[in-house]
Amino acid sequence: MRFLKWCLLILVIVDFLQAGEKIFVVEREDSSLAVISKDSKTNRIENMRNMNHGVVKFKDKDAYVISRDGYVIKFDPLSEKIISEYKTSKSAIGFVIGEYYVAVANYDDKSVDILTRDLQPIKKIFTGSKNVGIKIYKNYLIFSQMDNDIISVYKDLNQGLKKPDFKLFKEFKDIGELPFDAMIKDEKYIVGFFTSKHFGVVDLNTMQFKKVKIFLDENRQMVLKVPHFGFWSIGGDKVFVPAVGDKKVLVYDNDFEFIKNIKTKGLPVFTSLSPKKDFLAVTYSGKDFPTIEIIDTKSLEIIKSFTFDGKVLHLRWSNEKPNLYVSVNDTNKVALINTKNWTIQKEILDIKKPSGIFIYKRSE
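Residues numbered from 1 in each chain as written. Predicted model: local features only at pLDDT ≥ 70, side-chain atom pairs only at ≥ 80, totals over all residues. Heavy atoms only, no water.

Undergrad: I'd like to hear about the pairing of strand β7 (residues 81–87), residue by residue, with values.
TA: By the bridge criterion, 6 bridges tie strand β6 (residues 71–76) to β7 in an arrangement that is antiparallel. Directly across from Y71, in β7, lies its bridge partner K87. Hairpin connection, β6 to β7: the antiparallel pair is bridged by 4 residues, and E80 has positive phi, about 65 degrees. (Pairing = 2+ DSSP bridges. Helix = DSSP H or I, 4+ residues; strand = E, 2+ residues; numbered from the N terminus.)

Quick look at the structure:
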């Protein structure tokens, strides 16, 4: 009986130690992920293939990485051990995780791969195009064909109840030239184009498509190149879009009606909303690469600016602490900003050429 009590106590202690956030940082030139726990570096997961544009995603208690050279790698975010890997192509660009599958959009073999959650192949869909903007909505898998100017919608005939059986459901053509990225907002699939003066919206409930023009400022000057949607911030009652080639963040309402342009220090690259959607962090390119600015989303004014000793490639807000994590690539560190008093609270060192920051929420 006493032994059983000790076992239960140990389990409680382990659960307590594992609760909270764990941060995985892409070390883009070292084929590795740095692990940060309790705001200190605790480990490095190696052999992660080409991490030049590595992306990490989580689903349930699983973690997945997609590498630039077409590998999908599954690892345990708690033990920090690689479980399996599968090479889908020479170059993969994005992926999504469903209940029973992982879907990967490939550049170089012009296909979409459907894998099990354990990375066993289910199906390869050849499109004859580089594929981008892959998303999930209910029992649908949606992606855009960059070379063919097509949005493809595949439906799972098994209704998401087991291993999927995806069949082509609908295709939208004449959507715009060179789709390059997309996002899901409620039931809307929103896709951007390199050369068209609009973005496209598919209502996934009605399966209707429409074109929506984007304007740069009050004088209604067109945006000729929509920023990658991974850099947009949508939340609450506003949409924040970094302008291309202009020192502004564009603000729209949820119907993409123009609200305001916010003048910024540099050419914005990445915008990120805080969990409560009360602040927006903005990163820049060129000579302002080391700078980030903080925007109050109510007043739409810049309230704070930070300049670091190297290029800022990514940032991420904590969901449970008043922290903003910033990857400073040139000086091999992640800076921790306390968002209560807007001061740099700590520098987490020996993070090799950091870029993407991804936070896993451990069970309570």
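Undergrad: Tell me about the environment of V239, residues and numbers included.
TA: Relative to the elements of secondary structure, V239 occurs in strand β21 (residues 238–242). Classification of V239 as buried rests on a relative accessible area of 0%. When the C-alpha atoms of V239 and I259 are compared, they prove to be 9.5 Å apart, with 20 residues separating the residues in sequence. (Buried < 20%, exposed > 50% of the residue type's maximum accessible area, 1.4 Å probe, protein only.)

Undergrad: Tell me about the nonpolar core, and name the residues and values.
TA: One recurring pattern in soluble globular proteins: nonpolar side chains tend to sit buried together. Grouped together as the largest cluster of nonpolar side chains are 16 residues, with contacts concentrated most on I292, I294, F308, L324, V326 and I337. Taken together, the elements giving at least two residues each to this core come down to β25 (279–284), β26 (291–296), β28 (312–317), β29 (323–328) and β30 (333–338). Apart from residues no more than four positions distant in its own chain, L324 is found in contact with A281, I292, I294, L315, R316, W317, A335, L336, I337 and T339. Counting 15 residues, the second largest nonpolar core, distinct from the first, contains F24, V26, I45 and M51. (Core = buried A, V, L, I, M, F, W, Y, C linked by side-chain atoms within 4.5 Å. Contact = heavy atoms within 4.5 Å.)

Undergrad: Any details on the packing of aromatic side chains? Residues and values, ideally.
TA: Summed over the entire model, instances satisfying the criterion amount to 13 aromatic pairs. Their ring planes at 35 degrees and their centres at 6.2 Å tell us that F172 and F209 sit as a pair that is tilted. Placement of the pair is F172 in strand β15 (residues 166–172) and F209 in strand β19 (residues 208–213), with a sequence separation of 37 residues. For F172, a relative accessible area of 8% translates into the label buried. (Phe/Tyr/Trp six-rings, centres within 6.5 Å; stacked < 30°, edge-to-face > 60°.)

Undergrad: Help me get a handle on the pattern of salt bridges, residues and values and all.
TA: Taken as a whole and judged by the stated rule, the model has 27 salt bridges. The partner of K59 in a salt bridge is E99, and the shortest N-O contact between them spans 3.9 Å. Of the two residues, K59 is situated in strand β4 (residues 55–59) and E99 in the loop between β8 (91–97) and β9 (101–108); the sequence distance between them amounts to 40 residues. For K59, a relative accessible area of 23% translates into the label partly exposed. Residue E99 is classed as partly exposed on the basis of its relative accessible area, which comes to 46%. Here D113 ties to K124 by a salt bridge, and the two come within 2.7 Å at their closest N and O atoms. Pair noted here: D113 is in strand β10 (residues 111–116) and K124 is in strand β11 (residues 121–126), with a separation of 11 residues, a long-range link. (Salt bridge = Lys/Arg side-chain N within 4 Å of Asp/Glu carboxyl O.)

Undergrad: Now, about unusual backbone geometry: what can you tell me, with residues and values included?
TA: For D174, which is not glycine, the phi dihedral falls at a positive 55 degrees. For D174, a relative accessible area of 64% translates into the label exposed.

Undergrad: Give me the side chain of N338: which residues, what numbers.
TA: When you line up the elements, N338 lands in strand β30. Taking relative accessible area as the criterion, N338 reaches 13% and is therefore assigned buried. Polar side-chain contacts of N338 include one of 2.8 Å to the side chain of Q345. Setting aside its immediate chain neighbours within four residues, N338 contacts P322, T343 and Q345. (Polar contact = N/O pair within 3.5 Å; in protein donor to acceptor, adjacent residues only side chain to side chain.)

Undergrad: Go over the sheet that holds β7, please, and point to the residues and values.
TA: Taken in spatial order, the 4 strands make up an open sheet running β4-β5-β6-β7, and their pairing is antiparallel. Each edge of the open sheet carries a strand with a single partner, namely β4 and β7. Sheet twist, expressed as the average angle between the axes of neighbouring strands with direction ignored, equals 25 degrees. Note: β4 against strand β5 (residues 62–66), 5 bridges, orientation antiparallel. Looking at β5, one finds that F58 is bridged to A63. (Axes fitted to C-alpha atoms, helices over the stretch in contact; angles between N-to-C directions.)

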